[in-house]
Amino acid sequence: MKRAALILTLILTLTTAVSAAGAPPDAGYTDPFAWQKCHHKVDFNLKITAARNMRCRAARRVMRRYDGSIARRFDTPDGFHCKRVKGRAVSGIWRCSKKRKAFKFKFGD
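What comes next concerns the included structure.

1. Description of helix 2 (residues 56-65)
Right, on to step 1. Among all positions of helix 2, only Cys56, Ala59, Val62 and Met63 are buried. One side of helix 2 carries all its buried residues, which in axial view fall inside an arc of 115 degrees. In helix 2, the exposed positions angled more than 90 degrees off the buried face are occupied by Arg57, Arg64 and Arg65.
Right, on to step 2. On its buried side, helix 2 packs onto strand 1 (36-43), strand 2 (46-52), strand 3 (73-75) and strand 6 (101-108).

Next up, the structure:
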């Protein structure tokens, strides 16, 4: 009888360990391509709102280094290509990208 109880305990221990190790693949997984929200003001009328594959602070640094007008399309000194995705010339949302990195900002004059 003791041998049967020992075998049963061993089987239950192994099945518990296997089921714990076989957790679903999405448990604790974050999408590396997901946009993260940002609330970083660059200027009184320009605010970084989202970033992908980069930090919000890095996006703010890119826009602080840019010393030009916010046109429909423009390029930053860091190599980001920006274009307006929503709004008008005086206010809207722009998206800037460089390879896999990207960020969005709001501008209003």
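2. Looking at the packing of aromatic side chains
Right, on to step 1. Following the criterion strictly, the structure yields six aromatic pairs and no others.
Right, on to step 2. When the centroid spacing of 6.4 Å and the interplanar angle of 35 degrees are considered together, the rings of Phe103 and Phe105 count as tilted. Take Phe103 and Phe105: they sit in the same class, and that class is buried.
Right, on to step 3. Connected via pairs of aromatic rings, a cluster forms that spans Tyr66, Phe74, Phe80, Trp94, Phe103, Phe105 and Phe107.

3. Some points on the state of the cysteines
Right, on to step 1. Tallied over the full model, the rule gives two disulfides.
Right, on to step 2. Here Cys82 engages in a disulfide with Cys96; their sulfurs sit 2.0 Å apart. Disulfide Cys82 to Cys96: torsion about the S-S bond roughly 115 degrees, handedness right-handed. Residue Cys82 is located in strand 4 (residues 81-87), and its partner Cys96 is located in strand 5 (residues 91-98); the two are separated by 14 residues in the primary sequence. The pair Cys82 / Cys96 is uniform in exposure class, with both members buried.

4. Focus: the pattern of salt bridges
Right, on to step 1. Scanning the model with the defined rule gives one salt bridge in all.
Right, on to step 2. Residue Asp78 is joined to Arg65 by a salt bridge in which the shortest nitrogen-to-oxygen separation is 2.4 Å. Of this pair, Asp78 sits in the loop between strand 3 and strand 4 while Arg65 is found in helix 2, placing the two residues 13 residues apart along the sequence.

5. Describing the environment of Phe107
Right, on to step 1. Residue placement: Phe107 occurs in strand 6.
Right, on to step 2. Accessibility expressed as a relative area gives 13% for Phe107, which makes it buried.
Right, on to step 3. Once residues within four sequence positions are removed from consideration, Phe107 is found in contact with Asn45, Leu46, Ile70, Ala89, Val90, Ser91, Gly92 and Trp94.

6. Observations regarding the nonpolar core
Right, on to step 1. One finds Leu46, Ile48, Met63, Ile70, Phe74, Phe103 and Phe105 to be the most contacted residues of the largest nonpolar core, which totals 20 residues.
Right, on to step 2. Going through the elements one at a time, strand 1, strand 2, helix 2, strand 5 and strand 6 are the ones with two or more residues in this core.
Right, on to step 3. Excluding anything up to four places from it in sequence, Phe74 contacts Met63, Tyr66, Ser69, Phe80, His81, Cys82, Trp94 and Phe105.

The rules behind each value
- Residues numbered from 1 in each chain as written.
- Predicted model: local features only at pLDDT ≥ 70, side-chain atom pairs only at ≥ 80, totals over all residues.
- Heavy atoms only, no water.
- Buried < 20%, exposed > 50% of the residue type's maximum accessible area, 1.4 Å probe, protein only.
- Helix = DSSP H or I, 4+ residues; strand = E, 2+ residues; numbered from the N terminus.
- Arc of directions from axis to C-beta.
- Contact = heavy atoms within 4.5 Å.
- Phe/Tyr/Trp six-rings, centres within 6.5 Å; stacked < 30°, edge-to-face > 60°.
- Disulfide = S-S within 2.5 Å.
- Salt bridge = Lys/Arg side-chain N within 4 Å of Asp/Glu carboxyl O.
- Core = buried A, V, L, I, M, F, W, Y, C linked by side-chain atoms within 4.5 Å.

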